Amino acid sequence: MAAWIGLEINTLSIIPLISKSHHPRAIEATTKYFLVQAAASTLLLFSGMTNAWCTGQWDITQLSYPPSCLLLTAAIAIKLGLTPFHFWFPEVLQGSSLITALLLSTVMKLPPTTILLITSHSLNPTLLASMSIMSIALGGWMGLNQTQTRKIMAFSSISHIGWMTIIIIYNPKLTLLAFYIYTLMTISIFLTMNTTNTLNLPTLMASWTKTPMLSTTLMLTLLSLAGLPPLTGFLPKWLIIQELIKQELTTMATTISLLSLLSLFFYLRLAYCSTITLPPNPSNKMKQWSTKNPTNSLIPMLTPLSTSLLPLAPMMLTI
């Protein structure tokens, strides 16, 4: 009951922010988000009640009835947007503002991730690994043909959630590390996009004429999110692959490494658009170089952390 109430409060807290603009797309996104999240919370409550009915144990961290474990896994997968329950997430992000999309991608994922961590020992490892691999594959595949930056970041989030959940049974601390680093990089990218008002690729191309320094740092952060060494984003992927190999799951590690190349392609395309190319047609946006946009004070602090934490990896791993 406590977990269900907490998840419902978590859902209701973000709904006014999504529907703030009163645009039909925002109202549609709000409705989708509420229905999906309410269904997932109810499914979690139902899994706990089923386990209590059959075993007498109300604690969801001590599930032993197999159907209850499957229901709990499905409920958390819906909450996080894991494949095959991912359909709501890109649409909701596309109907939200950039700051609200940032909250949906980071802060709103923390409560379901916490429940996943405390119940990981009673979940079905085969089902969880299958959904993780499908999420990594689909996040990369569906992001290839997108031109809207919010949808690209949504599929990026689906892919990263797959990386986090695939290792949670074997090493939960790595899941937390991956979540923290993903949150750090995503905040930096969304704040930069919000400063330049970047909603699609043509706007991203034109942002170089207005804010060249921000475009350069955005390129580095995108490459870090892709997991390219020697940037920060390489650290969680490196450690996850290493842990999977230690657990004698070399085939799984190889599979997700190859699937991450799909995500790398559209990250490289975003980085290419942000720094190297300009729109092929004359645009009035090219004249905006003389206007000054207020820069968020968090960006200069978050960008170095998002790109240069890899040398501090030994210190982070010993804490």
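Residues numbered from 1 in each chain as written. Predicted model: local features only at pLDDT ≥ 70, side-chain atom pairs only at ≥ 80, totals over all residues. Heavy atoms only, no water.

With that out of the way, let us pick up the pattern of salt bridges. Within the structure shown, the criterion is met by two salt bridges. For E28, the salt bridge identified is with K32, shortest N-O distance 3.0 Å. In this pair, E28 and K32 are both assigned in helix α2 (residues 24–55), four residues apart and thus about one turn of the helix distant. The exposure class of K32 is partly exposed, given its relative accessible area of 30%. In this structure, E91 and K151 form a salt bridge, with 3.5 Å as the shortest nitrogen-oxygen distance. Linking E91 in helix α4 (residues 88–94) with K151 in helix α8 (residues 149–166), this pair joins segments that are 60 residues apart in sequence. Here E91 falls in the partly exposed class, since its relative accessible area comes to 31%. For K151, a relative accessible area of 18% corresponds to the buried category. (Salt bridge = Lys/Arg side-chain N within 4 Å of Asp/Glu carboxyl O. Helix = DSSP H or I, 4+ residues; strand = E, 2+ residues; numbered from the N terminus. Buried < 20%, exposed > 50% of the residue type's maximum accessible area, 1.4 Å probe, protein only.)

What follows concerns the packing of aromatic side chains. Centre-to-centre distance and the angle between the planes together describe a pair of aromatic rings. Per the stated rule, a full pass over the model turns up five aromatic pairs. Between F234 and W238 the ring centres are 5.7 Å apart and the planes differ by 10 degrees, which places this aromatic pair in the stacked class. Residue F234 and its partner W238 are both found in helix α12 (residues 234–246); the two are separated by four residues, about one turn of the helix. Of the residues examined, F234 reaches a relative accessible area of 24% and is grouped as partly exposed. Since its relative accessible area comes to 42%, W238 is described here as partly exposed. (Phe/Tyr/Trp six-rings, centres within 6.5 Å; stacked < 30°, edge-to-face > 60°.)

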